[in-house]
Amino acid sequence: METKILKNSKQDIALAGEIIKNGGLVAFPTETVYGLGANALDDEAVKSIYLAKGRPSDNPLIVHIAKKEDIPPLVKEIPKKAEMLIDAFFPAPLTIILKKSDLVGDTVSGGLDTVAFRMPKNETARALIEAAGVPVAAPSANTSGLPSPTKASHVISDMNGKIDAVVDGGDCEYGVESTVITLAGETPVILRPGAITKEMIEKVIGKTELAKAVLSEMGSEEKAASPGMKYKHYSPRAKIIIVDADKRTYEKFVNSKKNAFALCFEEDNVNIPKVVFGKENDDLSQAKLLFDKLRELDTLGAKRVYARIPNKNGVGTAVFNRLIRAAAFTVIDLNKPFTIGLTGPTGAGKGLISKEFEKLGFKIIDSDKVARKLTEKGSPLLDELQKAFGKDILENGELNRALLAKRAFENKEKTALLNSIMHPAIIEECKKQSDIPCVFDAPQLFEAKAESDCYKIICVSAPLEIRLSRIIKRDNISKEQAMQRINAQFDEKYYIDRSDYVIYNNGQNINEQIKTILEDIL
Ligand code: TXA
Ligand code: MG
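Keep in mind that what you see is a predicted model, and the values were worked out from it rather than measured.

Draft legend 1. Examining the sheet that holds strand β6 (residues 114-118) more closely. The strand order across the open sheet built from 11 strands is β1-β8-β2-β3-β7-β4-β6-β5-β9-β10-β11, with neighbouring strands paired in mixed fashion. Only two strands of the sheet have a single partner each, and these edge strands are β1 (4-6) and β11 (209-210). Bridge count between strand β5 (residues 94-99) and strand β9 (residues 179-182): 4 bridges; the pairing is parallel. Looking at the pairing, Leu94 lines up with Thr179 of β9. Across the sheet, helix α2 (residues 43-53) lies against β3 (35-39) and β7 (136-137), angled at about 155 degrees from β3, the strand it touches most. Running at roughly 40 degrees to β9, helix α6 (residues 198-205) makes contact with β5, β9, β10 (189-192) and β11 of the sheet.

Structure representation (structure tokens):
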């Protein structure tokens, strides 16, 4: 089939209306994104929408209308709150879900007993619906799973040869799809955020919920409420990773990346290849550009993309909702002091692994070194240790480490006392030294309750025989003494269960393992 490119003229819109009336498919501009329209009352035509997009048949379509009088035939009834929203906003980037009438077929509604409808603000869209003389079912005019189209050229790139025509109406005003709100249940729930924000809606109808799936990955119990949310969405070929960080930290992080792109704001000082999606404090500018820029990244051949996290307020909720789906929920949180926590049982060879990370440009923060520094002659911590473990642990101001160890490891209570003095001071000092990216090398990471300070935790583990021989050599002690030290600790499983990743350090393919982990987390 040849896809006609139609102009935004009276004549062409009349032609487009004719095509829809006769069961054809026409893509058209709206104020949000381009829609792929068909006669909503013609089951065969509606089926061809699903086919052209490759869309799963249980994901319902929005029915577009040209005037408010077109609503009553589509629904069972119009509750008060729906009426209030219609009066306050229509025509607008707002879709309302109500119980459907029998006029709406099961193909449009994806088998649900509800219907989503909206009256677009865009005049070309309304003129086309008017010309078609029927309600127009229209999802976004992209191939299912790809970013929604905000320009006619996006539609052509996905739909050429699959649809009858596209009306070129220039760039879409908002760039993100309409807000979807359901009023079919007890409380109003926003299923998809858009340019009509929660705050704007609440001013009209009061308390309104935001579906959990809007900002986080969806649990199975929410699947029925918003079928569209469970499918892969807005994904370019490139892997998108959202970086949760302030401007300076983001800049530093991305500027250290090789073979990667930044998807950032105009203000960001980025010196790797970049694509800009709006201004930092201007959510509308971000919404308008996001989908176009996601497509541009593919055109540029980007493989790995680090996106600056948008502010989640106002229309930013919609921007973040689309971006986090494009990123398949991959977010690096650089607000944590430590990029990676490295821990594991004694003798597993953490030292060697941390050296490998150092070679890769990570700053290493060695908690043992910090602990030693904090107990050097003259340190205020020594007073506290003396109070807890006896005056004689200091000789001429120097800590007698062996004596302290003897007293502190006498029993569990004494050990806990030592930890309660040392751990907070160590963590505080380590945080002062932290930088992005850094590895926090801490055998007692869990005991010191530092998990929440680490973005991800890696446990280094090794076979018992190897650990034993390492400890014997390192500390110049007997096999029995080494075994005693191992038994005094938690077992390996304790560390593994609490870590995000494990490196098996038996001397083989260490670099491979590190590479795989870093590819996954950074
Ligand atoms: O801005 C827009 O809404 C654009 C333009 C073309 O109007 N259209 C659009 O349609 O984004 P689509 O199909 O890409 O997204 C519609 C969303 C989907 O997530 C779908 O699951 C949800 O609305 N939806 C439609 N009918 C529903 C219903 N009865 N119950 C729950 N969710 C529904
Ligand atoms: Mg869509």
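Draft legend 2. Seen up close, the site of ligand 1. Not every one of the 24 residues close to ligand 1 is listed here, only the nearest: Thr32, Arg55, Asn59, His64 and Ser178. In the environment of ligand 1, an oxygen atom lies 2.8 Å from a nitrogen or oxygen atom belonging to the side chain of Arg55. A distance of 2.5 Å separates an oxygen atom of ligand 1 from a polar side-chain atom of Asn59. Starting from 670 Å² of accessible surface for ligand 1 in isolation, the protein chains cover 95%. Counting only elements with at least two residues in the shell around ligand 1, the list comes to β4 (62-64), β6 and β10. It is β6 that provides the largest number of residues to the shell around ligand 1, a total of 3 residues. Among the residues making up the shell around ligand 1, the classes are represented as 12 nonpolar, 8 polar and 4 charged.

Draft legend 3. Structural detail: the packing of helix α12 (residues 381-389) against helix α14 (residues 412-433). As a packed pair, α12 and α14 sit with axes 11 Å apart at the nearest point and diverge in direction by 170 degrees. By the criterion of interaxial angle, the relationship of α12 to α14 is roughly antiparallel. When α12 is examined against α14, the residues Leu381, Glu384, Leu385, Ala388 and Phe389 are found in contact with a partner set consisting of Lys414, Leu417, Leu418, Ile421, Met422 and Ala425. Considering only residue class, the contact of α12 with α14 consists of 9 nonpolar, no polar and 2 charged.

Draft legend 4. Focus on unusual backbone geometry. Between Phe90 and the following residue, Pro91, the backbone shows a cis peptide bond with an omega angle of -5 degrees. Checked against the element boundaries, Pro91 lands in the loop between α3 (80-89) and β5. For the bond running from Ile436 to Pro437, omega is -5 degrees, close enough to zero to count as cis. Among the secondary structure elements, Pro437 is positioned in the loop between α14 and β21 (438-441). One non-glycine residue, Phe329, lies in positive phi territory at about 65 degrees. Relative to the assigned elements, Phe329 resides in the loop between α9 (316-326) and β16 (331-333). Taking relative accessible area as the criterion, Phe329 reaches 25% and is therefore assigned partly exposed. Positive phi, normally seen in glycine, also occurs at Lys449, with a value near 55 degrees.

Draft legend 5. Fine view of the packing of helix α11 (residues 367-374) against α14. At a closest axis distance of 9 Å, the pairing of α11 and α14 adopts a crossing angle of 110 degrees. With respect to each other, α11 and α14 are oriented roughly perpendicular. Pair α11 / α14 crosses with right-handed handedness. Along its contact with α11, which presents Ser367, Val370, Ala371 and Leu374, the element α14 presents Met422, Ala425, Ile426, Glu429, Cys430 and Gln433.

Draft legend 6. Just the state of the cysteines, in detail. On inspection of all chains with the given rule, the structure shows 0 disulfides. Among the cysteines around Cys459, which has no disulfide bond, Cys454 carries the closest sulfur, lying 13 Å off.

Draft legend 7. Main features of the packing of aromatic side chains. For the structure shown, the criterion picks out 10 aromatic pairs. Taken together, the ring pairs in this structure connect Phe446, Phe490, Tyr494 and Tyr495 into an aromatic cluster. Here the guanidinium or amino end of Lys312 rests over the ring plane of Phe320, the centre of that ring lying 4.6 Å away.

Draft legend 8. Fine view of the pattern of salt bridges. Going through the model one piece at a time under the given rule, you end up with 28 salt bridges. For Glu177, the salt bridge identified is with Arg322, shortest N-O distance 2.7 Å. In this pair, Glu177 sits in the loop between β8 (165-167) and β9 while Arg322 sits in helix α9, placing the two residues 145 residues apart along the sequence. Here Glu177 matches Arg322 in class, with each residue buried. Residue Lys431 pairs with Asp453 through a salt bridge whose shortest N-O separation is 3.4 Å. Here Lys431 is found in helix α14, whereas its partner Asp453 is found in the loop between β21 and β22 (454-461), with 22 residues between them in sequence. The exposure class of Lys431 is partly exposed, given its relative accessible area of 35%.

Scoring rules and cut-offs
- Residues numbered from 1 in each chain as written.
- Chains lettered and ligands numbered in written order.
- Predicted model: local features only at pLDDT ≥ 70, side-chain atom pairs only at ≥ 80, totals over all residues.
- Heavy atoms only, no water.
- Pairing = 2+ DSSP bridges.
- Helix = DSSP H or I, 4+ residues; strand = E, 2+ residues; numbered from the N terminus.
- Contact = heavy atoms within 4.5 Å.
- Axes fitted to C-alpha atoms, helices over the stretch in contact; angles between N-to-C directions.
- Near = heavy atom within 4 Å.
- Polar contact = N/O pair within 3.5 Å; in protein donor to acceptor, adjacent residues only side chain to side chain.
- Areas by Shrake-Rupley, 256 points an atom, 1.4 Å probe, with all protein chains shown as cover.
- Nonpolar A, V, L, I, M, F, W, Y, C, P; charged D, E, K, R; others polar.
- Parallel < 35°, antiparallel > 145°, perpendicular 65-115°, else oblique.
- Buried < 20%, exposed > 50% of the residue type's maximum accessible area, 1.4 Å probe, protein only.
- Left-handed = near helix turned anticlockwise from the far one by under 90°.
- Disulfide = S-S within 2.5 Å.
- Phe/Tyr/Trp six-rings, centres within 6.5 Å; stacked < 30°, edge-to-face > 60°.
- Lys NZ or Arg CZ within 6 Å of the ring centre and 35° of its normal.
- Salt bridge = Lys/Arg side-chain N within 4 Å of Asp/Glu carboxyl O.

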